[in-house]
2 protein chains.
Amino acid sequence: MEYTCASCGARYTATALLFRCRCGGYLEYPEYRVFPLSALAERDHSIWRYREAYGLPRDCKRISLGEGCSPLTRVSLPEGVMLAKLDYLQPSGSFKDRGAAVLISLLAHLGAKHVVEDSSGNAGAAVSAYAAAAGIRCSIYTPDYTPEGKLSQIRLYGGEVRTIAGTRDDAAKAAAQAAQRSCYASHLWNPAFVLGLQSTAFELWEQLGEELPSLIVLPLGSGGYIEGLQRGFEVLLHAGYIEEAPRLVGVQAERCSPVHRAFEAGAERHSEIEVSPTIAEGIAVQNPPRSAAVLKAIRDSNGYTMAVSESEIQSATEKLLQRGVFAEPTSAAAYAAWRRLSSADRAEAIVILTGHGLKQLSKLTALLG
Amino acid sequence: MEYTCASCGARYTATALLFRCRCGGYLEYPEYRVFPLSALAERDHSIWRYREAYGLPRDCKRISLGEGCSPLTRVSLPEGVMLAKLDYLQPSGSFKDRGAAVLISLLAHLGAKHVVEDSSGNAGAAVSAYAAAAGIRCSIYTPDYTPEGKLSQIRLYGGEVRTIAGTRDDAAKAAAQAAQRSCYASHLWNPAFVLGLQSTAFELWEQLGEELPSLIVLPLGSGGYIEGLQRGFEVLLHAGYIEEAPRLVGVQAERCSPVHRAFEAGAERHSEIEVSPTIAEGIAVQNPPRSAAVLKAIRDSNGYTMAVSESEIQSATEKLLQRGVFAEPTSAAAYAAWRRLSSADRAEAIVILTGHGLKQLSKLTALLG
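Here the structure is a predicted model, which means the values were calculated and not measured. (Residues numbered from 1 in each chain as written. Chains lettered and ligands numbered in written order. Predicted model: local features only at pLDDT ≥ 70, side-chain atom pairs only at ≥ 80, totals over all residues. Heavy atoms only, no water.)

Caption draft 1: Geometry of the overall build of chain A. Counting secondary structure elements, chain A contains 13 helices and 13 strands. Rg of the C-alpha trace for chain A: 19 Å, near the compact-globule value of 21 Å for 369 residues, within the 12% margin. Its C-alpha atoms put chain A at 50 × 50 × 40 Å along the principal axes. The proportion of buried residues among the 369 residues of chain A is 63%. (Helix = DSSP H or I, 4+ residues; strand = E, 2+ residues; numbered from the N terminus. Rg over C-alpha atoms; globule rule 2.2 N^0.38 Å. Buried < 20%, exposed > 50% of the residue type's maximum accessible area, 1.4 Å probe, protein only.)

The following block contains the structure:
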């Protein structure tokens, strides 16, 4: 696979150790690869039905745990019926399995025997699960204040947890340093992760009878999912499978909204801002490394950003649970945003719920019990 | 819907309060309803693509949370590749959502405003989720020794938990008594629950390109899933969609194996036996009310039962996690049984994993950490 640097344009061939440009810029995969329509009828219902779009080498073995093809369902809510993509019904419990499956398949193909990653949340669980499936050793770097419960899933997959004194950024630096000797399976930096996230665009198009909603509302932390979705829709446009792509609406927590502020200010990338803790901890990303790509994706889609308050997120979490939808607060932030839309927009939108509430049973009980 | 009693042959029309025969026997739905092949291409990927098979009244509103169509995936294990149905990737985290969706749809249609159920495990979570989706009040009766953690999911859905002093059977009796005024949404007694479980037979047939494996290995507690699967395959045979049905292999824990013992003894139903606690608590059912139907289903399929030890279940749980498959110990019991099969049988089998490991994070950590 060939990547280019988004900052300086340098070109690279993917290796197990490559994750960003020497200049510090993030890498992109510039090609649009299209899956053949004629093949779909014969293929499994997983992200691998669209395998050509990920650009993996032809002889790359697929590391799969059954990811993709999550349900699209109608949820009756006080504001009306919400069309929701339950994208937490994935092997490790979040949408990140889509990216991890493609990334770990590539890294295993490139000879990785050990991967490192920094995340105590959904990405850490996803990378551990796929590393386990590939028979690759895995070390996850986390800040030392991470609650024990969040580390259990990683450890149960056989992943090693390395706790680092300091902030979330210190854990990221420790992972990047370790990556000089091991592979950095970074959901934030590695373009292969984003390529896997395209799969949801393709799925929505198939699930809706090859038509698309006019709005897609989803939580926005690092923004990889928005970048992946927009790329997926561009592939569909490029292939002539669709004529118009949906507008993407990225939802941040007011307490940590660097991308939202940059969008509102018309900036090309985020600036470092003061943040405070939010119950939507899955989107609490203070310094998203690919923010320029994310902001471009939102603007290219003719979309926008929103920021929701703690009380809106809490109320949305509670209301979803009480309609039988077991999503984590981070996911519920998207519903909180959907509630604010006009009724015409609500009827035209799909809301993506990204992380499983079962990962946060005690947190949810403390919050709402 | 018309039911007949399996013991005395009495006939009943379904009402919100009906759950068993006056003679104490369990009820069955005698008809084989077939879904039309021509409709499948147009229908959603959920259990409702096979809607005709559940026998619900035509104007019954479907209460759906996106259940069904769980992944079928190949898991690389020391014994070889295991074809696994990840049936815990369901809205409330277990296969029971298939039954609860159909049962609650029916009860809501019949006018239920309040349902009761006895289960602190997967069935309690499933019934609470679908009651919440339907806007129906829900009370779950559990023994007073049930760990708090298992009740959280029920409470978060808005279900009421009623703890009853005594044994599991005392909780069941309290639920049955409450059901004289409310509806008993029983996964053990109500035939509509079993009808929903047929959906997995149809899905496997579609997922495998309209062919079927020769063996299906799954955990066996009350046995409703085996009854539902066998019924589903009979529907497919009856419709002429298949010519041969798979053999069903029900797996119990050695410490609680009333159905296995009855099968081995050639008995028509289980006898009350001494049991002891097992880590596969989801299949620890001492007195399965429909055991005669379950034993008949196993025999009709030309299948058999197996019982696995605690150490086999523990080892199987650990091995699955370390290959990226996050199943609870009850599900892993099926893998423990698959390990014992001949290599020819292993290659021909599908293993159904029924419950999500995320529900039991602290238990898994205590067991394996």
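Further notes follow.
Caption draft 2: Region of the structure containing the interface of chain B and chain A. With 32 residues of chain B at the contact, the number on the chain A side is 32 residues. With both sides pooled, the region where chain B packs onto chain A buries about 2900 Å², and carbon together with sulfur makes up 62% of that total. Applying the counting rule to chain B against chain A returns 0 salt bridges. Sorting the residues of the side of chain B that touches chain A by element identifies strand 4 (72-77), helix 2 (122-134), helix 3 (148-156) and helix 13 (361-368) of chain B as the ones contributing at least two each. Class assignment for the residues of the side of chain B that touches chain A results in 17 nonpolar, 12 polar and 3 charged. (Contact = heavy atoms within 4.5 Å. Buried area = accessible area lost by both parts, 1.4 Å probe. Salt bridge = Lys/Arg side-chain N within 4 Å of Asp/Glu carboxyl O. Nonpolar A, V, L, I, M, F, W, Y, C, P; charged D, E, K, R; others polar.)

Caption draft 3: Representation of the environment of His260(B) within the structure. All names here are of chain B. Looking at where His260 falls in the secondary structure, it is placed in helix 8 (residues 258-264). Assessed through its relative accessible area of 14%, His260 is described here as buried. Along the chain, His260 and His270 lie 10 residues apart, while their C-alpha atoms are 8.5 Å from each other. The residues touching His260, leaving out its near neighbours within four places in the chain, are Gln252, Thr305, Met306 and Ala307.

Caption draft 4: Quick look at the relation of the copies chain B and chain A. Least-squares fitting of chain B to chain A yields an RMSD of 0.0 Å, with the transformation described by 0.0 Å of translation along the axis and a rotation of 180°. Taken together, the rotation and translation relating the two chain copies correspond to the operation of a two-fold axis. (Least-squares fit on C-alpha atoms with pLDDT ≥ 70 in both.)

Caption draft 5: Local environment of the environment of Ser331(A). Residues and elements named next belong to chain A. With respect to the secondary-structure elements, Ser331 resides in helix 11 (residues 329-340). Along the primary structure Ser331 and Arg22 are separated by 309 residues, whereas in three dimensions their C-alpha atoms are 35 Å apart. When residues no more than four places from it in sequence are discounted, the contact partners of Ser331 are Pro219, Leu353, Thr354 and Gly355. Among the polar contacts listed, one links the side chain of Ser331 to the backbone nitrogen of Gly355, at a separation of 2.8 Å. (Polar contact = N/O pair within 3.5 Å; in protein donor to acceptor, adjacent residues only side chain to side chain.)

Caption draft 6: Here's a closer look at the packing of helix 3 (residues 148-156) of chain A against helix 13 of chain B. Closest axis-to-axis distance for the helix 3 of chain A/helix 13 of chain B pair is 10 Å, and the angle between their directions is 55°. As judged from the angle between their axes, helix 3 of chain A and helix 13 of chain B are oblique. As for how helix 3 of chain A packs across helix 13 of chain B, the hand of that crossing is left-handed. Only Leu361(B), Leu364(B), Thr365(B) and Leu368(B) of helix 13 of chain B make contact with helix 3 of chain A, whose side of the interface consists of Gly149(A), Ser152(A), Gln153(A) and Leu156(A). Class assignment for the residues of the contact of helix 3 of chain A with helix 13 of chain B results in 4 nonpolar, 4 polar and no charged. (Axes fitted to C-alpha atoms, helices over the stretch in contact; angles between N-to-C directions. Parallel < 35°, antiparallel > 145°, perpendicular 65-115°, else oblique. Left-handed = near helix turned anticlockwise from the far one by under 90°.)

Caption draft 7: Quick peek at the nonpolar core. By size, the foremost hydrophobic cluster in this structure holds 231 residues, and its most contacted members are Val115(A) and Val115(B). Once residues lying within four places of it in the same chain are set aside, the contact partners of Val115(B) are Ile104(B), Leu107(B), Val127(B), Ala131(B), Ile136(B), Arg137(B), Cys138(B), Ser139(B), Cys183(B) and Ala185(B). (Core = buried A, V, L, I, M, F, W, Y, C linked by side-chain atoms within 4.5 Å.)

Caption draft 8: Expanded view of the pairing of strand 11 (residues 247-253) of chain B. All names here are of chain B. Among the 7 residues that make up strand 11, 6 are buried, leaving the element largely enclosed by the rest of the structure. Of the strand pairs in this sheet, strand 10 (residues 215-219) and strand 11 are connected by 5 bridges, and their pairing is parallel. Paired with Leu215 across the strands is Arg247, a residue of strand 11. Since strand 10 and strand 11 lie parallel, the crossover through helix 7 (residues 224-238) that links them has a hand, and here it is right-handed. Pairing of strand 11 with strand 12 (residues 304-308) involves 5 bridges; the strand directions are parallel. When the bridges of strand 12 are listed, Val249 appears paired with Tyr304. (Pairing = 2+ DSSP bridges. Right-handed = clockwise from strand over helix to strand, strands pointing away.)

Caption draft 9: Representation of the packing of aromatic side chains within the structure. Residue and element names in this part refer to chain A. The full count for this structure, using the stated rule, is 26 aromatic pairs over all chains. The interplanar angle of 90° and the centroid separation of 5.7 Å between the aromatic rings of Trp48 and Tyr54 together place this pair among those described as edge-to-face. Comparing Trp48 with Tyr54 shows no difference in burial state: the two are buried. Each member of the aromatic cluster is reached from another via a ring pair, and the members are Phe35, Tyr50, Phe202, Trp205 and Tyr241. Directly above the aromatic system of Trp338 lies the positively charged group of Arg346, at a separation of 5.6 Å from the ring centroid. (Phe/Tyr/Trp six-rings, centres within 6.5 Å; stacked < 30°, edge-to-face > 60°. Lys NZ or Arg CZ within 6 Å of the ring centre and 35° of its normal.)

Caption draft 10: Representation of the pattern of salt bridges. The final tally for this structure, using the stated rule, is 26 salt bridges over all chains. A salt bridge links Glu52(A) to Arg43(A); the shortest N-O distance between them is 2.8 Å. Of the charged contacts, one joins Glu31(B) and Arg33(B) as a salt bridge, the two residues approaching to 3.0 Å between their closest N and O atoms. A single network of salt bridges, built from pairs that share partners, joins Lys85(A), Asp87(A), Arg98(A) and Glu203(A).

Caption draft 11: Representation of helix 10 (residues 310-321) of chain A in the model. Residue and element names in this part refer to chain A. Here helix 10 is 12 residues long and its end C-alpha atoms lie 17 Å apart, about the 16 Å a rise of 1.5 Å per residue gives. Taken together, the buried positions of helix 10 are occupied by Glu310, Ile313, Ala316, Thr317, Leu320 and Leu321. Looking straight down helix 10, one finds that the buried residues subtend no more than 130° of arc, so they occupy a single side. (Expected span 1.5 Å × (residues − 1). Arc of directions from axis to C-beta.)

Caption draft 12: Broad picture of the sheet that holds strand 12 (residues 304-308) of chain A. Residue and element names in this part refer to chain A. With respect to topology, 6 strands assemble into an open sheet ordered 4-5-13-10-11-12, the strand pairing being mixed. Whereas interior strands pair on both sides, the edge strands pair on one side only; in this sheet they are strand 4 (72-77) and strand 12. The sheet shows a mean angle of 30° between the axes of neighbouring strands, direction not considered. Sitting on the sheet, helix 6 (residues 199-207) touches strand 4, strand 5 (80-86), strand 10 (215-219) and strand 13 (349-353), and the angle it makes with strand 5 is about 130°.

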